[in-house]
Amino acid sequence: MKSSMHVFSNLAMSLDGKIAPVDQPMYSLGTKKDLDWLHTLRNQADIVVMGAGTVRAFQRPCLPKKRRDFFANALLTRTGENLDPKWPFFKARNLERFIFYTGKMKPKLQDAFLESSHLIPLDPKKSSAEQMIAVLQILNFQKILVEGGGELMWEFVKKNLIDDYYVTLTPKILGGVKAPSLVSGAGFPGGNELNLKLKEAKIVKDEVFLHYRRKKSSP
Ligand SMILES: NC(=O)c1ccc[n+]([C@@H]2O[C@H](COP(=O)([O-])OP(=O)(O)OC[C@H]3O[C@@H](n4cnc5c(N)ncnc54)[C@H](OP(=O)(O)O)[C@@H]3O)[C@@H](O)[C@H]2O)c1
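Notes on the structure in this doc start here. (Residues numbered from 1 in each chain as written. Predicted model: local features only at pLDDT ≥ 70, side-chain atom pairs only at ≥ 80, totals over all residues. Heavy atoms only, no water.)

1. Some remarks on the overall build of the protein
Link 1 in the chain: On a plain count of helices and strands, the protein comes out with 5 helices and 9 strands.
Link 2 in the chain: Along the protein, from the amino end to the carboxyl end, the secondary structure elements read β-α-β-α-β-β-α-β-α-β-α-β-β-β.
Link 3 in the chain: What you see for the protein is a C-alpha radius of gyration of 17 Å, in line with the 17 Å of a compact globule of 219 residues.
Link 4 in the chain: Counting only C-alpha atoms and orienting by the principal axes, one finds that the protein spans roughly 45 × 35 × 35 Å.
Link 5 in the chain: Among the 219 residues that make up the protein, the fraction classed as buried is 47%.
Link 6 in the chain: Residue pairs in contact within the protein that sit at least 24 positions apart in sequence constitute 73% of those at least 6 positions apart.
Link 7 in the chain: When the accessible area of the protein is evaluated, it comes to approximately 12,000 Å², of which 52% is carbon and sulfur surface. (Helix = DSSP H or I, 4+ residues; strand = E, 2+ residues; numbered from the N terminus. Rg over C-alpha atoms; globule rule 2.2 N^0.38 Å. Buried < 20%, exposed > 50% of the residue type's maximum accessible area, 1.4 Å probe, protein only. Contact = heavy atoms within 4.5 Å. Areas by Shrake-Rupley, 256 points an atom, 1.4 Å probe, with all protein chains shown as cover.)

2. Here we look at the site of the ligand
Link 1 in the chain: Taken together, 25 residues sit near the ligand, with P25, T54, R56, T77 and R78 positioned nearest.
Link 2 in the chain: Here an oxygen atom of the ligand sits 3.5 Å away from a polar atom, N or O, in the main chain of G51.
Link 3 in the chain: Side-chain polar atom of T102 to a nitrogen atom of the ligand: 3.5 Å apart, as the coordinates give it.
Link 4 in the chain: A total of 930 Å² of accessible area belongs to the ligand in isolation, and the protein chains cover 85% of it.
Link 5 in the chain: Where the shell around the ligand is concerned, the elements lending two or more residues are β1 (6–13), α2 (52–58), β3 (71–77) and α5 (150–157).
Link 6 in the chain: The dominant element in the shell around the ligand, judged by the number of residues it contributes, is α2, at 6 residues.
Link 7 in the chain: Classifying every residue of the shell around the ligand gives 11 nonpolar, 9 polar and 5 charged. (Near = heavy atom within 4 Å. Polar contact = N/O pair within 3.5 Å; in protein donor to acceptor, adjacent residues only side chain to side chain. Nonpolar A, V, L, I, M, F, W, Y, C, P; charged D, E, K, R; others polar.)

3. Section: α5
Link 1 in the chain: Judged by how many residues are buried, α5 sits mostly within the fold: 7 of 8 residues are covered.
Link 2 in the chain: Taken together, the buried residues of α5 touch β1, β2 (47–51), β3, α4 (128–138), β6 (143–146) and β7 (164–169).

4. As for the pairing of β1
Link 1 in the chain: When you tally the buried positions in β1, you get 7 out of 8 residues, the bulk of the element.
Link 2 in the chain: Pairing geometry for β1 and β6, over 4 bridges, is parallel. Opposite V7, over in β6, you have I144 as the bridge partner.
Link 3 in the chain: Pairing of β1 with β7, which is carried by 6 bridges, proceeds in the parallel orientation. Bridging from a neighbouring strand, M13 pairs with L169 of β7. (Pairing = 2+ DSSP bridges.)

5. Let's talk about the nonpolar core
In globular proteins that are soluble, nonpolar side chains generally tend to be buried together.
Link 1 in the chain: Counting residues in hydrophobic clusters, the biggest one holds 33 residues, and the most contacted among them are I47, V49, F98, F100, I144 and F156.
Link 2 in the chain: Of all the secondary structure elements, the ones that give two or more residues to this core are β1, β2, β3, β4 (95–101), α4, β6, α5 and β7.
Link 3 in the chain: Leave out the neighbours within four places in its chain, and I47 touches F71, A72, N73, A74, F98, L136, F141, K143, I144 and L145.
Link 4 in the chain: M50, A52, L63 and L83 belong to the second largest nonpolar core, which has 25 residues in total. (Core = buried A, V, L, I, M, F, W, Y, C linked by side-chain atoms within 4.5 Å.)

6. Brief notes about the packing of aromatic side chains
Link 1 in the chain: Under the counting rule described, the total for this entry stands at 6 aromatic pairs.
Link 2 in the chain: On the numbers, 4.9 Å between centres and 75° between planes, the contact of F89 with F90 is edge-to-face. No difference in accessibility class separates F89 from F90, as the two residues are buried.
Link 3 in the chain: Of the aromatic side chains, those joined through ring pairs into one cluster are F70, F98 and F141. (Phe/Tyr/Trp six-rings, centres within 6.5 Å; stacked < 30°, edge-to-face > 60°.)

Without other data, these values stay purely geometric and don't point to any function.
Okay, here's the thing in structure tokens:
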């Protein structure tokens, strides 16, 4: 990764590490303060990257508060099934959209997505996150904000591609084996976990705004 590239993530989680309740995928965990923080970070980004599960939940693009001439969103999917090209995500103006996909997408669906988005096939045998970063780098994106969810986070985390992690700890417990968590996927075997460095912990009422940084020497 070029040194000018900065990959950072921002998610809010419950005390038990969940990012949404089991029955309500579209749910805001944080307070207004957290929402303001989200916009502060989005303002620092060129592009927001998310998993198809997050787009299915919100169906809307991730935009900075202040309109910009240029902003971009990217999503990762296998086949694009269960994503509807009619959702606001695919309709917002002044937004460049990239759909990275690793499987076989139906030609009809490809045609529908191509009306709003760039379609970029990835090699399913290689790291999707590494390939996404490589493409975005060629396209001159330098500040990549990963907004989740947990499955997408794993793609970046397992290759240690996130420089800065912003996590808002919210004073809630959600529970639920099936509720999505901050990072899901296969997980690291014990002893091989990713170790981070705490840069800042800011307490605002009942929320804690955490900032962890990547250790260059971690796997
Ligand atoms: N609290 C927060 O800050 C926050 C932030 C973001 C999201 N969320 C919540 O998190 C939930 C979604 O999280 P999630 O973990 O279920 O889903 P996710 O990470 O947003 O997306 C998962 C989807 O990404 C695609 N994907 C993942 N890995 C892939 C790979 N290697 N190759 C190709 N495609 C891949 C697949 O899409 P296909 O199924 O289309 O193939 C998969 O189903 C929602 O409830 C959302 O509201 C919360």
